[in-house]
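Examination of the molecular architecture
Below, each chain spelled out in residue letters.
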Amino acid sequence: LARWREQFVAEKIQPLLLQKAADLLDKHRKAGDYLLIITATNRFVTEPIAELLGVDDLIATEPELVENRYTGKIVGTPSFQEGKVLRLTQWLKTRQQTLEGAFFYSDSHNDLPLLKKVPNPVAVDPDQTLHSHATREGWPVISLRQ
């Protein structure tokens, strides 16, 4: 599985990396911001991507391992929709941090629960539902593809 994952990242993910995304991450790094990815995708898939992007930490859906084998089940709360808010809240408590000054970037309406919680929500190449909501709320809408 590790070899397939490595091949997947090299062949499917690396070619998709965008310069504007790298520049945005760099801007936050230079500002001293802590970089965190919160994703519904499982950790096995997303951990090497987070490392490739140089982010500080990752909250992802945790796949269940039994006797060093994946069962196809998950452990704990999946980080999807409201689950992202719950998982982030738990993460913040363990680190005695707050969302003060936090940005959250998303392209999906599935992230509206979390976007509504942060002081600086940003819609990035958003789906139509998120674009409509962001426009109504006066949130920035940006593109990393253009």
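Placed above this text is the structure.
In this text the structure is predicted, and so the values were computed from the model without any measurement.

A closer look at the sheet that holds strand S4 (residues 103-106)
Taken together, 3 strands build an open sheet; the order of strands is S4-S5-S6 and the sheet is parallel. One side of each edge strand has no neighbouring strand; the edge strands of this open sheet are S4 and strand S6 (141-142). Direction of pairing for S4 relative to strand S5 (residues 120-124): parallel, over a ladder of 4 bridges. Bridge pairing links Phe103 to Asn120 in S5.

A word on the environment of Thr61
Counting through the fold element by element, Thr61 comes out in strand S2 (residues 57-66). Setting aside anything within four residues of it in sequence, one finds Thr61 in contact with Thr39, Ala40, Thr41, Asn42, Arg43, Ile74, Pro78, Ser79 and Arg87. Here Ser79 takes part through its backbone nitrogen, which lies 3.2 Å from a polar atom of the side chain of Thr61.

Digging into the sheet that holds S2
One open sheet accounts for 3 strands, arranged S1-S2-S3; its pairing is mixed. Strands at the two margins of the open sheet, each flanked by one partner only, are strand S1 (36-42) and strand S3 (69-75). Going from strand to strand, the sheet's axes swing by 45 degrees on average, the running direction of each strand aside. Examined bridge by bridge, S1 and S2 share 5 bridges and lie parallel to one another.

Regarding the layout of surface pockets
For the largest pocket, the calculated volume is near 1,800 Å³. Around the largest pocket, the lining is made up of 46 residues, and of these Leu25, Leu36, Ile37, Leu53 and Tyr105 lie nearest the centre. Going through the elements one at a time, helix H2 (19-30), S1, helix H3 (43-53), helix H4 (82-95) and S4 are the ones with two or more residues in the lining of the largest pocket. Here the lining of the largest pocket takes 6 residues from H2, the largest share from any one element. Residue composition of the lining of the largest pocket, by class: 29 nonpolar, 8 polar and 9 charged.

What about unusual backbone geometry?
Here the phi dihedral of Glu67 falls at roughly 50 degrees; this positive angle occurs in a residue that is not glycine. Positionally, Glu67 belongs in the loop between S2 and S3. Given a relative accessible area of 75%, Glu67 falls into the exposed group. Unlike most non-glycine residues, Gln81 shows phi in positive territory, near 50 degrees. The residue Gln81 is located in the loop between S3 and H4 in this model.

Quick word on the nonpolar core
Leu88, Leu114, Leu115, Leu130 and Trp139 are the most contacted members of the largest nonpolar core, which has 15 residues in total. Residue assignment for this core shows that the elements contributing at least two residues are H4, helix H5 (112-115) and helix H6 (128-137). With 4 residues, H4 is the single largest residue contributor to this core. Those residues in contact with Trp139 that sit more than four places away from it in its chain are Leu112, Leu115, Lys116, Pro121, Leu130, His133 and Ala134. In terms of nonpolar packing, the next biggest core, distinct from the first, is built from 5 residues, Leu35, Ala50, Val55 and Leu58 among them.

Rules used in this analysis
- Residues numbered from 1 in each chain as written.
- Predicted model: local features only at pLDDT ≥ 70, side-chain atom pairs only at ≥ 80, totals over all residues.
- Heavy atoms only, no water.
- Pairing = 2+ DSSP bridges.
- Helix = DSSP H or I, 4+ residues; strand = E, 2+ residues; numbered from the N terminus.
- Contact = heavy atoms within 4.5 Å.
- Polar contact = N/O pair within 3.5 Å; in protein donor to acceptor, adjacent residues only side chain to side chain.
- Axes fitted to C-alpha atoms, helices over the stretch in contact; angles between N-to-C directions.
- 1 Å grid on protein atoms, 1.4 Å probe; cavity = no way out; pocket = protein on both sides within 12 Å on 5 of 7 lines; lining within 4 Å.
- Points joined across faces, edges and corners; volume = space filled by probe spheres on them.
- Nonpolar A, V, L, I, M, F, W, Y, C, P; charged D, E, K, R; others polar.
- Buried < 20%, exposed > 50% of the residue type's maximum accessible area, 1.4 Å probe, protein only.
- Core = buried A, V, L, I, M, F, W, Y, C linked by side-chain atoms within 4.5 Å.

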